[in-house]
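Topology and contacts: notes
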Amino acid sequence: MNRKNGRSILFFFIGVVWPFLLEVSMFQNKNIFVALTYQCNAFCKKCMTRFHVNLHQTMNRETLDCFLNLLRKYDYKGIISVGTGEPLLYPDLDYFVQELFKINSSVQLRLLTNGMALSRQLPEELFSGRCKLGVTFDAFEQASLNGLQKGVDLETVKENVSRLSQKYDGSCFYLNYTIYQNNINQLLPFCEFGIKNGIHEIYATELKVFTGYEAELKEVAVIHDENLTSVIANARKFLEDNSINSTGLDIFHPSRKAACYLRNAASPIIDVDGSVSFCSGREDIYVGNIKDETIADIWQGYIKKVSNPSEKWCSLCHDRPLLDGTYRLPSTIHKKKVQA
């Protein structure tokens, strides 16, 4: 590509594509993230939700119905991503899934779980093909979880995933592996487990070790060394040899993680109390609440505000990595509303 063509594409993006992304309304986003509960059975030492103002809370039925009614009003056709806590423990899960899928035939669900509650009775709709159940592994051998995670038994999780993959279909699942020093060499067996169970969507992410955590946790932060590069390369080759897309295993150096919204536009994050945030790095600041009658307009004005380069929004992000590879996180999260 020559310089002239490169400039033309850049100007086209800035002048045409980027303004269009900003004009996408809150309920036209391809993805909306919602936190249904902060109750969890994993007891992770590294969990950032222990700092959250809504710790241990769940979304009540009134707030849930408000959210569902907004999705109906705008005939939402994207993906609803559910995370934080352990969503399979949410008391109104059956109701949520059934009502969500009644909105239209296009709305889909992605739900991230630690896999322990996959042993309980779950709504059949979760395995209908319209939902992806993501199972996150913080290791593939139990010994690697010592001191990090008290509530997860990996053999139980593996049995749950294998059983449900056989009963339904492995395509109902995706797997995510959290890499750190103590479990790097378990990545390949993790990938082998996924393929054995017919799961073709496989990811790897870094363990985010936040400043202020116990000193020993800093010892397991990922180091971008030759060992990590080699392990990931071998795992990627294994996936590719089995005709599986391996890009999910790409691990970027922390210095490359910036300006997230420039790549993905803006996905609303709806908390258990209905408050709406702009991005996961700024959950301490919220735009409004889904109970606000004009929340869609409030959201739109806010997106235009933070897209202004003078705001330097990303430079304020407390989830932006420091030079040593650790992540900033305030000692507690106090939500405050900002004016669009």
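Coordinates for the structure precede this section.
Below is a short write-up of the structure. (Residues numbered from 1 in each chain as written. Predicted model: local features only at pLDDT ≥ 70, side-chain atom pairs only at ≥ 80, totals over all residues. Heavy atoms only, no water.)

1. Points about the pairing of strand E3 (residues 108–113)
Here E3 shows one buried face, formed by Leu109, Leu111 and Thr113, and one open face, formed by Gln108, Arg110 and Leu112. Pairing between strand E2 (residues 79–83) and E3: four bridges, direction parallel. From the neighbouring strand, isoleucine 80 faces E3, where its bridge partner is leucine 109. Relative to strand E4 (residues 131–137), E3 is paired through five bridges, and the arrangement is parallel. Across the sheet, the residue bridging to leucine 109 is cysteine 131, located in E4. (Buried < 20%, exposed > 50% of the residue type's maximum accessible area, 1.4 Å probe, protein only. Helix = DSSP H or I, 4+ residues; strand = E, 2+ residues; numbered from the N terminus. Pairing = 2+ DSSP bridges.)

2. What about the packing of helix H5 (residues 187–196) against helix H7 (residues 226–241)?
Between H5 and H7, the least distance of the axes is 9 Å, while the angle of their chain directions is 15°. With respect to their mutual orientation, H5 and H7 come out roughly parallel. Crossing hand, H5 versus H7: right-handed. Listed contacts from H7 to Leu187, Leu188, Cys191, Glu192 and Ile195 of H5 are Val231, Ile232, Asn234, Ala235, Phe238 and Leu239. (Axes fitted to C-alpha atoms, helices over the stretch in contact; angles between N-to-C directions. Parallel < 35°, antiparallel > 145°, perpendicular 65-115°, else oblique. Left-handed = near helix turned anticlockwise from the far one by under 90°. Contact = heavy atoms within 4.5 Å.)

3. Focus on the nonpolar core
Counting residues in each nonpolar core, the largest one holds 82 residues, and the members touching the most others are Ile80 and Phe96. Apart from the residues lying within four places of it in its own chain, the contact partners of phenylalanine 96 are Leu36, Leu64, Phe67, Leu68, Ile80, Val82 and Leu109. (Core = buried A, V, L, I, M, F, W, Y, C linked by side-chain atoms within 4.5 Å.)

4. Details of the packing of aromatic side chains
With the rule as written, the count across this model stands at ten aromatic pairs. With a centroid separation of 5.9 Å and 45° between ring planes, the pair formed by phenylalanine 137 and phenylalanine 140 is classed as tilted. Taking the centre distance of 5.5 Å and the plane angle of 65° together, the rings of phenylalanine 137 and phenylalanine 190 count as edge-to-face. Here phenylalanine 137 is found in strand E4, whereas its partner phenylalanine 190 is found in helix H5, with 53 residues between them in sequence. By the burial criterion, phenylalanine 137 is buried, and phenylalanine 190 matches it. Lying across the ring of tyrosine 95, arginine 61 places its NZ or CZ 3.8 Å from the centre. (Phe/Tyr/Trp six-rings, centres within 6.5 Å; stacked < 30°, edge-to-face > 60°. Lys NZ or Arg CZ within 6 Å of the ring centre and 35° of its normal.)

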